[in-house]
Amino acid sequence: VQLVESGGGLVQPGGSLRLSCAASGFTFSRYAMNWYRQAPGKERELVAFISSSGGTTDYADSVKGRFTISRDNAKKTVYLQMNSLKPEDTAVYYCNAVWLTANYWGQGTQVTVSS
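Quick caveat, the model's predicted, so the values are computed rather than measured.

**Here's the deal with the overall build of the protein chain**
Scanning the protein chain from N- to C-terminus turns up zero helices and 11 strands. Starting at the N terminus, the α and β elements of the protein chain follow one another as β-β-β-β-β-β-β-β-β-β-β. Against the 2.2 N^0.38 benchmark of 13 Å for 115 residues, the protein chain shows a C-alpha radius of gyration of 13 Å, consistent with a compact globule. Overall, the protein chain is about 40 × 25 × 25 Å in size when its C-alpha atoms are taken along their principal axes. Of the contacts made within the protein chain by residues no fewer than 6 positions apart, 52% connect residues no fewer than 24 positions apart. Surface exposure of the protein chain reaches about 5900 Å², of which carbon and sulfur atoms provide 47%. Charge separation in the protein chain, taken as the distance between the mean sites of 11 positive and 8 negative side-chain charges, equals 7 Å.

**Observations regarding the environment of Ala74**
For Ala74, the position within the fold is in the loop between strand E7 (67-72) and strand E8 (77-82). In this structure the C-alpha to C-alpha distance between Ala74 and Ser29, which are 45 residues apart in sequence, comes to 8.3 Å.

**Regarding the pairing of strand E1 (residues 2-6)**
The side-chain alternation of E1 yields one buried face, formed by Leu3 and Glu5, and one unburied face, formed by Gln2, Val4 and Ser6. Two elements, E1 and strand E3 (residues 17-24), share five bridges in a ladder whose sense is antiparallel. Bridge pairing links Ser6 to Ser20 in E3.

**Regarding the packing of aromatic side chains**
Throughout the structure, instances matching the rule amount to six aromatic pairs. Summarising the aromatic geometry, the rings of Tyr36 and Trp105 are spaced 4.9 Å apart at their centres and angled 55 degrees between planes, so their arrangement reads as tilted. On the criterion of sequence distance, the pair formed by Tyr36 in strand E4 (residues 32-38) and Trp105 in strand E10 (residues 102-105) is long-range, its members being 69 residues apart. Judged by relative accessible area, which is 36%, Trp105 ranks as partly exposed. Each member of the aromatic cluster is reached from another via a ring pair, and the members are Phe26, Phe28, Tyr31, Trp99 and Tyr104. Across from the ring centre of Trp105, 4.7 Å away, lies the NZ or CZ of Arg44, which sits over that ring. A cation sits over an aromatic face here: Arg71 above Phe28, 4.4 Å from the ring centre.

About the thresholds
- Residues numbered from 1 in each chain as written.
- Predicted model: local features only at pLDDT ≥ 70, side-chain atom pairs only at ≥ 80, totals over all residues.
- Heavy atoms only, no water.
- Helix = DSSP H or I, 4+ residues; strand = E, 2+ residues; numbered from the N terminus.
- Rg over C-alpha atoms; globule rule 2.2 N^0.38 Å.
- Contact = heavy atoms within 4.5 Å.
- Areas by Shrake-Rupley, 256 points an atom, 1.4 Å probe, with all protein chains shown as cover.
- Lys, Arg positive; Asp, Glu negative; His and termini not counted.
- Charge placed at Lys NZ, Arg CZ, Asp CG, Glu CD.
- Buried < 20%, exposed > 50% of the residue type's maximum accessible area, 1.4 Å probe, protein only.
- Pairing = 2+ DSSP bridges.
- Phe/Tyr/Trp six-rings, centres within 6.5 Å; stacked < 30°, edge-to-face > 60°.
- Lys NZ or Arg CZ within 6 Å of the ring centre and 35° of its normal.

Below you can see the structure in the form of C-alpha cells.
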C-alpha cells in the first residue's frame, strides 16, 4: 500500500498550489479520502474530506471557499487545490485513505506560504 503526495513547495501569500496524492496497492474507489495538515508545534488537523464516489465533500472552516478537494478514481489520485494561500496554511500536508478499519497515510508534502 502506498500513498504518495506531491505538489508542495514555497508560494507567496495569495498564491495557489495543487497537491496530488497517488494511491496504489488497494482498491482506491472504495476509500474515503482526507487531506490533513500539521504545522510545527501543532496537532494534525483535518483539512478536507471526499467520499469514495466523490459525491460528498467537506472542509475545515479555516479553508472553506479557498481549498477544493477532488478525486479521479480511474487514476487513483486525490487532489487538493489550494487558492488564496495564507501564511497560516504553512504545514506538512498528508493524504489519508479510510475504509472500514483500514487507515493509510502518505509521507506528507511541505507547503510553505511566505513572502
